[in-house]
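The chain contents come next:
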Amino acid sequence: MTTTANDNLNDWLRDAHAMEQQAEKMLTAQAERLEHYPALRARIVQHIEETRGQQRLLDECLTRRGISNSIVKDLGGKLMAFGQAVGGMTTSDEVVKGAMAGYVFENLEIASYTSLIAAAQAVGDTATQAACEQIIVQEKAMAAWLLEHLPEVTQAFLARAEQPGVTAKV
Ligand SMILES: [Fe+2]
């Protein structure tokens, strides 16, 4: 029982690490493309920094638990759809779809850390629990910001889209 729970926690920490690597790629692609939505871009840039810090915290958890980084498995394939949906997006309403996809991804992260916190509690790994509790605060803040600002992003996009010769999508 204890062994199995610890093995699961290790797997989920590896998954979370891969998820944050995917998040960094996705957010970086978004930030590089955005030109006309400075508030959204600034919040994304802030979250890129937070995401790198989260990767370091997860690295520390894995190291403390004796898990080598070299065997961190690649979850990239599973999350590729998100990355493509956001990073490679070239739809005419890219900024709106990107903000929506970002919100969805943050909620996936929130669910992952909620589960990780419960797993860390179950095996008595208080350091991992504390790290995940620190991370989830940042994910909830990012999700809340995106939802709160989705109306103004949408309205700014609609206003730009109606002006001839003005780029609206990014
Ligand atoms: Fe996040």
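Here, the structure is the one placed above.
Residues numbered from 1 in each chain as written. Predicted model: local features only at pLDDT ≥ 70, side-chain atom pairs only at ≥ 80, totals over all residues. Heavy atoms only, no water.

By the element assignment, threonine 167 lies in the segment after α5 (126-161). Taking the C-alpha atoms as reference, threonine 167 lies 9.1 Å from phenylalanine 157; in sequence the two are 10 residues apart. Residues in contact with threonine 167, not counting those within four places in the same chain, are His36 and Arg160. (Helix = DSSP H or I, 4+ residues; strand = E, 2+ residues; numbered from the N terminus. Contact = heavy atoms within 4.5 Å.)

A word on the coordination of the iron ion. With distances of 2.0 to 2.3 Å, the protein atoms coordinating the iron ion are His47 (NE2), Glu106 (OE), Glu109 (OE) and Glu139 (OE). Around the iron ion sit 4 donor atoms, and with donor-metal-donor angles ranging over 72 to 163 degrees the site reads as irregular. Read in sequence order, the donor residues coordinating the iron ion give the pattern H-x58-E-x2-E-x29-E. Here glutamate 109, found in helix α4 (residues 94-123), pairs with glutamate 139, found in helix α5; they are 30 residues apart in sequence, far enough to count as distant. (Donors = N, O, S within 2.8 Å, 3.2 Å for Na, K, Ca; no water. Tetrahedral: all angles 85-135°; square planar, octahedral: opposite > 155°, others 65-115°.)

The next thing to look at is α4. Count 3.6 residues to each turn of an α-helix, and residues three or four apart come out pointing the same way. Given a rise of 1.5 Å per residue, 30 residues ought to cover 44 Å, and the 43 Å separating the end C-alpha atoms of α4 matches this to within 8%. In the stretch just after α4, glycine 124 is the one whose phi turns positive, near 75 degrees. (Expected span 1.5 Å × (residues − 1).)

Quick look at the nonpolar core now. Counting residues in hydrophobic clusters, the biggest one holds 23 residues, and the most contacted among them are Leu9, Leu13, Ala16, Leu58, Tyr113 and Leu116. Broken down by element, the residue count for this core peaks at 7 residues, all from α4. Excluding residues that lie within four positions of it along the chain, leucine 9 makes contacts with Arg65, Leu116, Ala119, Ala120, Val123, Asp125 and Thr128. Counting 16 residues, the second-largest nonpolar core is a separate cluster that includes Leu27, Leu34, Val96 and Leu146. (Core = buried A, V, L, I, M, F, W, Y, C linked by side-chain atoms within 4.5 Å. Buried < 20%, exposed > 50% of the residue type's maximum accessible area, 1.4 Å probe, protein only.)

Looking at where arginine 64 falls in the secondary structure, it is placed in helix α2 (residues 38-64). C-alpha of arginine 64 to C-alpha of threonine 128: the two residues are 64 residues apart in sequence and 9.0 Å apart in space. Residues within four places of arginine 64 in sequence aside, it is in contact with Ala127 and Thr128.

Honestly, it's all geometry; don't read function into it.
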